[in-house]
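Next come the chains, spelled out residue by residue.
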Amino acid sequence: MPVRVKVEIKSKGRQITTTALLNTGFTTPEPEVLLPKKLAEKLNLWPPPENSILESINTAGGEVLSYIIPKSIEITVLAGETSSKTIVCNTIVSMHEREVLLSDALIEELEIEIISPKTGIWRFKGKPEETSVKPEYW
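Let me sum up the structure you'll find in this document. All figures in this text were calculated on a predicted structure; none of them were measured in a lab. (Residues numbered from 1 in each chain as written. Predicted model: local features only at pLDDT ≥ 70, side-chain atom pairs only at ≥ 80, totals over all residues. Heavy atoms only, no water.)

The helix and strand inventory of the chain stands at two helices and eleven strands. Order of helices (α) and strands (β) in the chain, N terminus to C terminus: β-β-β-α-β-β-β-β-β-α-β-β-β. For 138 residues, the compact-globule formula gives about 14 Å, and the C-alpha radius of gyration of the chain, at 14 Å, lands near that figure. The principal-axis extents of the C-alpha atoms in the chain amount to approximately 40 × 35 × 25 Å. A buried classification covers 45% of the 138 residues belonging to the chain. Residue pairs in contact within the chain that sit at least 24 positions apart in sequence constitute 61% of those at least 6 positions apart. A total accessible area of about 7500 Å² is found for the chain, and carbon and sulfur atoms account for 49% of it. Charge-centre separation for the chain: the mean point of 16 positive side chains lies 6 Å from the mean point of 19 negative side chains. (Helix = DSSP H or I, 4+ residues; strand = E, 2+ residues; numbered from the N terminus. Rg over C-alpha atoms; globule rule 2.2 N^0.38 Å. Buried < 20%, exposed > 50% of the residue type's maximum accessible area, 1.4 Å probe, protein only. Contact = heavy atoms within 4.5 Å. Areas by Shrake-Rupley, 256 points an atom, 1.4 Å probe, with all protein chains shown as cover. Lys, Arg positive; Asp, Glu negative; His and termini not counted. Charge placed at Lys NZ, Arg CZ, Asp CG, Glu CD.)

In structure tokens, the structure reads:
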């Protein structure tokens, strides 16, 4: 089971709690989250706002055109009684992906350590281990 965490995402006066896949292969120079289009709609990020940038992005499935919306959401990881700090990050809106994905840079900013990727064990830096949550698809 891959590592998935419960996240609270806020944007433009809306807030949604869902799950996100920790994807260390999603490498970015700054914290980014990939949102399925359906979720972006619920957060008032679709249709894309004026400050969005249409870019060609390299993925495991090849190049795709996606909208990047700079500094558009606040994201917090929730784990039982504890939570991460809240990070403001860029959003990539995907027409194809059905799950929220966290980039390597965002995972690091959230101070998440992946302990056992196959069995879904993770923790916040220096904190007790947590187990992966079930996926939520959009």
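Additional details are given in the paragraphs that follow.
Right, let's get into the packing of aromatic side chains. A full pass over the atoms with the stated rule returns two aromatic pairs. Ring geometry for tryptophan 46 versus tyrosine 67: centroids 5.5 Å apart, planes at 70°, classification edge-to-face. A residue pair is termed long-range when its members are at least 10 positions apart, and tryptophan 46 in the loop between α1 (37–42) and β4 (53–59) and tyrosine 67 in strand β5 (residues 62–79) qualify at 21 residues. We classify tryptophan 46 as buried; its relative accessible area is 18%. The partly exposed category is assigned to tyrosine 67, whose relative accessible area is 26%. Ring centres of tryptophan 122 and phenylalanine 124 lie 5.1 Å apart, and the angle between their planes is 90°; on these two criteria the pair is classed as edge-to-face. Since its relative accessible area comes to 2%, tryptophan 122 is described here as buried. Overall, phenylalanine 124 belongs to the buried group, its relative accessible area being 8%. (Phe/Tyr/Trp six-rings, centres within 6.5 Å; stacked < 30°, edge-to-face > 60°.)

The next thing to look at is the sheet that holds strand β10 (residues 121–124). In spatial order, the strands read β9-β10-β11; together these three strands make up an open sheet with antiparallel pairing. A strand with exactly one partner marks an edge of an open sheet, and here the two such strands are β9 (112–116) and β11 (130–131). In this structure, β10 lies alongside β11, joined through two bridges in antiparallel fashion. Among the inter-strand pairings, tryptophan 122 is bridged to a residue of β11, identified as glutamate 130. (Pairing = 2+ DSSP bridges.)

Moving on: the pattern of salt bridges. Under the definition given, this model contains five salt bridges. The partner of lysine 10 in a salt bridge is glutamate 8, with the nearest N and O atoms 3.8 Å apart. The buried category is assigned to glutamate 8, whose relative accessible area is 17%. For glutamate 30, the salt bridge goes to lysine 71, with nearest N and O atoms at 3.2 Å. Linking glutamate 30 in the loop between β2 (14–22) and β3 (32–36) with lysine 71 in strand β5, this pair joins segments that are 41 residues apart in sequence. (Salt bridge = Lys/Arg side-chain N within 4 Å of Asp/Glu carboxyl O.)

What follows deals with the environment of serine 56. Within the secondary structure layout, serine 56 lies in strand β4. For serine 56, a relative accessible area of 40% gives the class partly exposed. Each C-alpha atom, one on serine 56 and one on tyrosine 67, is 8.8 Å from the other, the two residues being eleven residues apart in sequence. Setting aside residues no more than four positions away along its own chain, serine 56 makes contact with Glu63, Val64 and Leu65.

Before going further, it helps to examine the side chain of threonine 19. Assignment of secondary structure puts threonine 19 in strand β2. A polar contact of 2.8 Å, which involves the side chain of threonine 19, links it to the backbone nitrogen of glutamate 136. (Polar contact = N/O pair within 3.5 Å; in protein donor to acceptor, adjacent residues only side chain to side chain.)

Moving on, we get to the nonpolar core. Formed by 31 residues in total, the largest nonpolar core has its most connected members in Val33, Ile75 and Leu102. When residues in this core are grouped by element, the largest group, five residues, is from β5. (Core = buried A, V, L, I, M, F, W, Y, C linked by side-chain atoms within 4.5 Å.)

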